[in-house]
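Inside the fold
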Amino acid sequence: MYLPKHFQNEDADQIRQFLQQHYFGLLLSNSPDLFYTPLPFLFDWQEQHLTAFCHMARNNPQLKQLHEQQVQILIMGPHAFVAGDCYGEEQAVSTWNYSLVELKGTAFTLDKEQTLALARRQESFSAPDMLQSVEYQQKLVHGICGVRIEISNWLGKMKLSQNKTASQRQKVSDYLKATEQPQSVWQLMQKLGLCQ
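Please read all numbers here as calculations on a predicted model, not as lab measurements.

1. Quick look at the nonpolar core
Counting residues in each nonpolar core, the largest one holds 27 residues, and the members touching the most others are L19, L27, F41, F43, I73, L103 and I149. For this core, the secondary-structure elements that each account for two or more residues are α1 (12-21), β4 (42-46), β5 (49-57), β6 (69-82), β7 (95-109) and β8 (144-159). Of the residues forming this core, the biggest block, 6 residues, is contributed by β8. For F43, the residues in contact, after removing those within four places along its chain, are L19, H22, Y23, L50, T51, A52, I75 and L103. Listed in part, the 8 residues of the second largest apolar core include A80, Y87, V172 and Y175.

Set out below in C-alpha cells:
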C-alpha cells in the first residue's frame with residue numbers, strides 16, 4: 001500500500017478503537033491464486049497481541065488454501081469526497097479522505113467444535129438476544145468453517161488532510177459536515193428496488 005508518512009497510523013489504541021467500530025472487510029490470500037472474501041471479523045486483543053476470527057462457507061474455494069497460509073485483511077472505515085473549492089483557494093485539487101487498517105498474519109482453519117463456538121460468539125456480539133436451537137446450530141456448522149488469524153503486524157492509513165494546515169483542515173471539516181451524505185444498507189436496498 002502506498003503510505004506517505006503523514007497518513008500512517010501505528011498507534012495500537014487508535015487501531016483497536018477503529019477495529020471495534022469497523023470490522024467488515026476483505027480477507028485476501030494468494031496461494032497459489034489470489035482470492036478475497038468479504039467478511040465480518042471478530043478481533044481479540046490480548047495485551048499487544050491481536051487475533052482475528054471469521055467464518056466462511058465450506059464451499060468457498062478460498063477456504064481450501066487458507067490453513068497455515070499468510071493472509072491479509074483490509075478493513076475500510078469512513079471515507080468522503082473533499083472538493084478542491086472548499087479551501088477557498090484558486091488552485092486546489094479535489095481529493096478523497098479515507099481510513100483503513102491493513103492486517104497481516106497466518107490463517108488456521110478451525111474444526112467443527114471450534115467453528116460452532118466461534119459462530120455463537122459472533123452471534124452474541126452482533127445479536128445478543130437471538131436464540132437458535134442446538135439442532136439448528138449443528139446444521140449450520142456443517143456449512144461453514146471458522147478461521148483464526150494470528151496477526152503478525154498491522155498498519156493504519158488515515159488520509160484525513162494531515163498534509164494540510166490547521167485552517168485548511170478546519171475548512172475540510174466544515175465542508176464535510178455540510179455535504180457528507182452517509183449511506184446505509186437499507187438506503188441502498190431501497191434505491192435498488194429491493195424494498196420500499
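2. Quick word on the pattern of salt bridges
Following the criterion strictly, the structure yields 2 salt bridges and no others. When the shortest N-O distance is used, the salt bridge between D13 and R16 registers 2.9 Å. Residue D13 and its partner R16 are both found in helix α1; the two are separated by 3 residues, about one turn of the helix. Given a relative accessible area of 19%, R16 falls into the buried group. Ionic pairing is found between E150 and R148, a salt bridge with its closest N-O pair at 2.8 Å. Its relative accessible area of 23% is what places E150 among the partly exposed residues. Look at R148 and you get partly exposed, because its relative accessible area is 26%.

Reading the values: the criteria
Every residue gets a number counted from 1 within its own chain, in the order that chain's sequence is written. A pLDDT threshold of at least 70 governs which residues receive local features in this predicted model, and a stricter bar of 80 or more applies before side-chain atom pairs are shown or counted, although totals over entire chains, interfaces and linings include all residues. Side-chain measures here rest on the full set of heavy atoms in the structure, leaving out hydrogens and waters. Here the nonpolar core consists of buried residues drawn from Ala, Val, Leu, Ile, Met, Phe, Trp, Tyr and Cys, with membership extended through side-chain atoms lying within 4.5 Å. Burial status follows relative accessibility: with a 1.4 Å probe on protein chains alone, a residue under 20% of its type maximum counts as buried, one over 50% as exposed, and anything between as partly exposed. Helix and strand assignments come from DSSP, with helices taken as H or I runs of at least 4 residues and strands as E runs of at least 2, each series counted from the N terminus. The contact definition used throughout considers only heavy atoms, calling two residues in contact when any of these lie within 4.5 Å. A carboxyl oxygen of Asp or Glu within 4 Å of a side-chain nitrogen of Lys or Arg is what we treat as a salt bridge.

By themselves, these are just geometric observations and shouldn't be taken as functional.
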